[in-house]
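Below are the chains, spelled out letter by letter.
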Amino acid sequence: MRRSVRDAIVGFTVIGGIVGFASTALWLRGLRLGAGHWSLTARFNDAAGLAERSPVTYRGILVGSVRSIEVTPEAVVVELEINQADLRLPLPVTATVGAGSLLGGDAQVALVSSGTPLPPDAPLPQAPGCQPTLQLCNGGTVVGREAPSLSTVTATMQALLAQVQDERVIPNVAASLEQIEASTKEFEELTVQLQDELAKAAPVIRNLELATAHLNNIAASLDNPQTLSDLKQTAANAAQLTATIDAVGGDVAQLTSDPEFMKGVRNLTIGLGELFGEIFPAQTAQ
C-alpha cells in the first residue's frame, strides 16, 4: 500500500514537471495557454535585426511576437502572432521594424494604427463578422516600414552633406547674402530720396490742405438752408428781370421799325422846337 502511494506521488511529480516544462517552453515562445491568438502578415523591404520571437508592440505595450520570417526576392515576409484577442485596430495599419531605441537594442515590430477609432461593440479580429475593409482581421496583411535609427540618421546626414558639397550650397548662400546686402543699401538710398521728395512736396501739401479747408467752408455754407433759400430767390429775381428786359426790348424794336411812329416823333420834335423859339425869342436870337 505504501509502495503504491509512493509510486503515485512520483508519477504525479513527473507529470507536473513535464507540464511545467512545456508551459515554460510555450511561454518563452510567446504563447499562453487558454488565451486567444490571431495572426497577421507584415511585408518589409528591410528587416535588419529582426528574428523569431522578437516582440510585437502597440503603443509601447507588448501584444505579441514574431512567429516566422521568410526572405523572398521581393520582400521580407514576417508572420506576427498577436496574443490579445480583443485588440481592435482600425485601418490603415502599418508595421514598423526597428531597434528598441535610437541608440540601439533588440529589434522589434511596432504596430501603428492611424484610422478612426472603432466603436466598443466592433467585432473581434477572429469573429466571423470582422470587416477587413474597416479593421485588421485575423490573417490580414500590413505594410512594413523601417523605423529611423542612429545609422539611418547618420546616412541621411552624410547624403545631405554630400549634396551640399556637390551643389556648392554654401558659396551660393554667401553670394545671396551679398546680393541682399547690396539691395539693402539701394533701399536705404531710395528711402533718403523719398524723404527729400516729401520735404519738397510739403508746401504743396499745405496749400492743398488750405484749399481743402476753404472748400469745406464753402460746402458748409451751401449746406445752410437759409443760404440755399437766398440763392434760389436771387435766381428767381434775375430770371424775372431778364424776362422784363426782353419784353421792353421787343416793344422798342417794334416802335422804331414803324415809319408812321418815327414820322410823328420827328414832327413832335419840330413842333417843340418852334414852341420853345416863340417862348424864349431872345435866347433863340442870341
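The structure this text deals with has already been given above.
Once a new chain begins, its residue numbering starts again from 1 and follows that chain's sequence as written. This being a predicted model, a pLDDT of at least 70 is required before a residue's local features are given, and a value of 80 or more before pairs of side-chain atoms are given or counted; all residues contribute to the totals for chains, interfaces and linings. Excluding hydrogens and water, the side-chain figures rest on all heavy atoms present in the structure.

Engineer: Would you mind going over the pattern of salt bridges in detail, with residue names and values included?
Structural biologist: The term salt bridge refers to a pairing of a side-chain nitrogen on Lys or Arg with a carboxyl oxygen on Asp or Glu at a separation within 4 Å. Going through the model one piece at a time under the given rule, you end up with two salt bridges. With a shortest N-O distance of 2.9 Å, Arg 67 and Glu 79 are connected by a salt bridge. You can see Arg 67 sitting in strand E3 (residues 61-71) and its partner Glu 79 sitting in strand E4 (residues 76-82), a full twelve residues away along the chain. Only protein chains enter the calculation, and the probe is 1.4 Å; a residue is then buried if its accessible area is under 20% of its type maximum, exposed if over 50%, and partly exposed in between. Judged by relative accessible area, which is 35%, Arg 67 ranks as partly exposed. Of the charged contacts in the structure, one is a salt bridge between Arg 67 and Glu 81, with a shortest N-O distance of 2.3 Å. Of this pair, Arg 67 sits in strand E3 while Glu 81 sits in strand E4, and the two are 14 residues apart along the sequence. One connected set of salt bridges, linked through shared partners, spans Arg 67, Glu 79 and Glu 81. Helix and strand definitions here come from DSSP, where helices need a minimum of 4 consecutive H or I residues and strands a minimum of 2 consecutive E residues; each element is numbered from the N-terminal end.

Engineer: Could you give an account of the nonpolar core, with specific residues and numbers?
Structural biologist: General note: in soluble globular proteins, nonpolar side chains tend to be found buried as a group. Membership of the largest hydrophobic core comes to 24 residues, with the highest contact counts inside it found for Phe 44, Leu 50, Val 56, Leu 80, Ile 82, Val 109 and Leu 111. Where this core is concerned, the elements lending two or more residues are strand E1 (38-44), strand E2 (55-58), E3, E4, strand E5 (93-101) and strand E6 (104-113). Among buried residues, the Ala, Val, Leu, Ile, Met, Phe, Trp, Tyr and Cys ones that are joined through side-chain atoms within 4.5 Å form a nonpolar core.

Engineer: I'd like to hear about the state of the cysteines, residue by residue, with values.
Structural biologist: Criterion for a disulfide: a pair of cysteine sulfur atoms at a distance within 2.5 Å. All told, the structure shown has one disulfide when counted by the stated rule. Here Cys 130 pairs with Cys 137 through a disulfide, and the sulfurs are 1.8 Å apart. Where Cys 130 bonds to Cys 137 through sulfur, the torsion about that S-S bond is close to -90°, and the disulfide is left-handed. With respect to class, Cys 130 is no different from Cys 137; both count as buried.

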